Amino acid sequence: MGDDRSDASAFMHIERSLGGKCWRPRLTDERCALAIVQRLGVPDVLGRVLAARGVGPDDAEAFLDPKLRSLLPDPSHLLDMDKAVARILRAINAGEKIGVFADYDVDGACSASLLVRFFSAIGQQLNVYVPDRIKEGYGPNAIALRELKDQGVSLVITVDCGTTAFAPLKDAADAGLDVIVIDHHVAEPLLPEALAVVNPNRLDETSPLGQLCAAGMVFMLIIGINRALRNSFWYSEGHDEPKLMDFLDLVALATIADVVPLTGVNRAFVRQGMSIMARLNNPGISALKDVSGLDEKLEAWHLGFVFGPRVNAGGRVGEAGLGVRLLSTNDCNEAIGIATRLDRYNTERREIEASVLNSATLQAEQQAENGMPLILVAAEGWHPGVIGIVAGRLKETFNRPACVVSLNEGIGKGSGRSVQGVNLGPAVIAAQQAGLLINGGGHAMAAGFTVAGDRLGEFREFLITDIERQLAGSALTPELGIDGALSPEAATVDLIEALNEAGPFGSGNPRPRFVFPGVATVNTRVVGTDHVSCFIVAQESQRRLKAIAFRAAGTEVGDALLNARGGILHIAGHLNIDAWQGDRKPQLIIEDAARVR
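Below is a summary of the structure that appears in this document. What you see is a predicted model; the values in this text were computed from it and never measured.

1. So, the sheet that holds strand β7 (residues 375–380)
- Taken together, the 5 strands give an open sheet; going across it, the order is β7-β8-β9-β11-β10, and neighbouring strands pair in mixed fashion. Here the strands that pair on one side only, and so sit at the sheet edges, are β7 and β10 (439–443). Strand-to-strand twist across the sheet, computed as the mean angle between neighbouring axes with direction ignored, equals 15°.
- Where β10 meets strand β11 (residues 446–452), 5 bridges bridge the pair, whose relative direction is antiparallel. Bridge pairing in β11 links Gly441 to Gly448.

2. Quick word on the packing of aromatic side chains
- Enumeration over the complete set of coordinates arrives at 4 aromatic pairs.
- Note on Phe118 and Phe119: the rings are 5.7 Å apart at their centroids and 90° apart in plane angle, and the pair reads as edge-to-face. Taken individually, Phe118 and Phe119 each receive the classification buried, so the pair is uniform in this respect.
- Centre to centre, the rings of Phe219 and Phe269 are 5.6 Å apart; their planes meet at 85°, and the pair counts as edge-to-face.

3. Brief notes about the pairing of strand β16 (residues 545–549)
- Within β16, 4 of the 5 residues are buried, which leaves the element mostly enclosed by the surrounding structure.
- As paired elements, strand β15 (residues 531–538) and β16 share 5 bridges and run antiparallel to each other. Counterpart to Phe535 in the pairing with β16 is Lys546.
- If you look at the hairpin formed by β15 and β16, you'll find 6 residues sitting between the two strands.
- Where β16 and strand β18 (residues 585–595) come together, 3 bridges link them in parallel fashion. By the bridge assignment, Ala547 is partnered in β18 with Leu588.

4. Topic: the environment of Val42
- Looking at the secondary structure, you find Val42 in the loop between α1 (30–40) and α2 (44–52).
- The class for Val42 is buried, based on a relative accessible area of 15%.
- Placed 359 residues apart in sequence, Val42 and Pro401 show a C-alpha to C-alpha distance of 39 Å.
- Ignoring sequence-local partners within four residues, the contact set of Val42 consists of Ile36, Val37, Gly47 and Leu64.

5. Description of empty space enclosed by the protein
- One pass over the structure, following the stated rule, counts 2 cavities of 30 Å³ or more.
- Taken as a whole, the largest cavity spans an internal volume of roughly 60 Å³.
- Ile496, Leu499, Asn500, Phe505, Arg511, Pro512, Phe514 and Leu575 are the residues that line the largest cavity.
- Broken down by class, the residue content of the lining of the largest cavity amounts to 6 nonpolar, 1 polar and 1 charged.
- Within this model, the second largest cavity holds a volume of roughly 30 Å³.
- Forming the walls of the second largest cavity are Asp103, Tyr104, Asp105, Ala109, Val130, Val311, Gly315, Ala320, Gly323 and Val324.

6. Regarding the environment of Leu253
- On the secondary structure map, Leu253 appears in helix α10 (residues 248–257).
- The class of Leu253 is buried, set by a relative accessible area of 0%.
- Setting aside residues up to four positions removed in sequence, Leu253 forms contacts with Val106, Cys110, Met277, Ile285, Leu303, Phe307, Gly308 and Leu327.

7. Digging into the sheet that holds strand β5 (residues 178–182)
- Spatially, the 5 strands line up as an open sheet ordered β3-β2-β4-β5-β6, and their pairing is parallel. The open sheet has two edge strands, β3 (126–129) and β6 (196–198), and neither has a second partner. Direction aside, neighbouring strands of the sheet carry axes that sit 20° apart on average.
- Sheet topology note: the strand β2 (residues 97–102)/β3 ladder contains 4 bridges and is parallel. Residue pairing across strands places Val100 opposite Val128, the latter belonging to β3.

8. Brief notes about unusual backbone geometry
- Omega for the bond connecting Gly503 with Pro504 falls within 30 degrees of zero, at 5°, which places this linkage in the cis form.
- Turning to its location among the elements, Pro504 is positioned in the loop between α19 (493–499) and β14 (514–527).
- Despite not being glycine, Asp80 shows a phi value in the positive range, around 75°.
- Relative to the elements of secondary structure, Asp80 occurs in the loop between α4 (68–71) and α5 (81–94).
- Despite not being glycine, Glu409 shows a phi value in the positive range, around 55°.
- Relative to the helices and strands, Glu409 resides in the loop between β8 (402–408) and β9 (411–417).

9. A closer look at the side chain of Asn127
- On the secondary structure map, Asn127 appears in strand β3.
- Dropping the residues within four chain positions of it, Asn127 is found in contact with Lys97, Ile98, Gly99, Val100, Leu148, Gln151 and Val153.

10. Some details on the layout of surface pockets
- Looking at the second largest pocket, its volume works out to about 750 Å³.
- In terms of residues, the lining of the second largest pocket owes the most to one element, helix α11 (residues 265–277), which gives 4 residues.
- Class assignment for the residues of the lining of the second largest pocket results in 12 nonpolar, 4 polar and 9 charged.

Definitions and limits used
- Residues numbered from 1 in each chain as written.
- Predicted model: local features only at pLDDT ≥ 70, side-chain atom pairs only at ≥ 80, totals over all residues.
- Heavy atoms only, no water.
- Pairing = 2+ DSSP bridges.
- Helix = DSSP H or I, 4+ residues; strand = E, 2+ residues; numbered from the N terminus.
- Axes fitted to C-alpha atoms, helices over the stretch in contact; angles between N-to-C directions.
- Phe/Tyr/Trp six-rings, centres within 6.5 Å; stacked < 30°, edge-to-face > 60°.
- Buried < 20%, exposed > 50% of the residue type's maximum accessible area, 1.4 Å probe, protein only.
- Contact = heavy atoms within 4.5 Å.
- 1 Å grid on protein atoms, 1.4 Å probe; cavity = no way out; pocket = protein on both sides within 12 Å on 5 of 7 lines; lining within 4 Å.
- Points joined across faces, edges and corners; volume = space filled by probe spheres on them.
- Nonpolar A, V, L, I, M, F, W, Y, C, P; charged D, E, K, R; others polar.

Put into structure tokens, the structure is as follows:
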């Protein structure tokens, strides 16, 4: 496969690598990079990385040291925020029971835990409800809301859900239950019947906070409530005022795990939240670190790939409320017990995921071979708790939007993941408005839906038509952004630490990626189940750089690494610091390769 080089704008003219990608230079403005280097006195490579991410000389200093004070707007600018705060303040003063209805993912768990911790700090207890993914599905349902009312709850705050829960929220209103929606998902023109809908992605909203996750929105709500309590002299009457910054570890975890762009205020949330998290003051965070065996400094990727899957595991294959309980408890023994259970559930989740992925891939390969712009696979008995993960894997493998549907008794629960250039959530919402779905929603890169099995074909055709309209004839060509070329000698711990100043890395601020041109691989072998480990070395030097390609065995990239036998490759990837046994050394995470001709 590949290695075509007809595109002059491709990095090193590699239009199609062994991984089937076109390598594209990220930096388009050399003068901007030079200006950043001269103004801030930073290393040239860091200036180039910043400029490649659209950071100008005037913004570079603030980008490298983001401050919430300057980036966080007044919560009152959000529609319905003051109304929500006033109702919550009234409930606090009257001693009403307040309930929280949370989604079962990391963002939902962190959002609910933020509220639990804040209200606990002011001497108030909350009734938390997290729905069962399989039995109840996503979002508020009438039975659960009435159950909260039967517990004496008079006000419910929904977090990370509720924006499209029209029927359940109408039922709640009819039953005399006040509901406040705190959400970030794409809204329809019509809003549900609720006391307040605080969502930066309402169609009538002008807030600049549209990229926040739900936990970020809950933090905004807490700021508003705290200010209202202060203004009403609550804290002068014997109550201690909470330190809101101490809650930012939960906001950081949710922001990373929900894969929202790490730009603007989100950068400040994660940067400062990581500092709070390093103190391990939250017993749940500390327990997650222990059960996952981490003995190194926490980085943003740990939140997304180590902590996030474990918190999620309860909602996927275990007990939906475990994530909230873990992140809310102040009991270290309880935290260790819950984290251990979540770790076991995560192992079970991986086994289930592998089984579903194998059968889903067989269907997806046929659709990809037929040139379909959408992968939509379905089967009876697939575990609904892993379909979102599998959709993400298929999206990565086939470079097109992917939807995975679990069918049960004629009803399909589906999850979708999209690629850059295709807004999937709005397409799913449009399908629901067209009467093709029982329910559905999401945002640009992810969506969830429920569909009758006999309408799955119509839904597929609807999405294909919408995707083709969005693409307008352009092809979905996978690309790999490249920040420059390095030699193995240049890949030092000092360089990596300099590059990390541009972090945290994630959606909207990708980790710097470099090409190591004309290198050979030595000591290459498969480690674990399917990872390829090796050292890379340039022809003119004997300095070796440790490298690993995750899940590469059996792929074209993995085969090329394993079978190089002294041959020369161009290898692309990102650098990190391997701190095994306290010895900090540079390591390359291989993402792609191309043959040298």
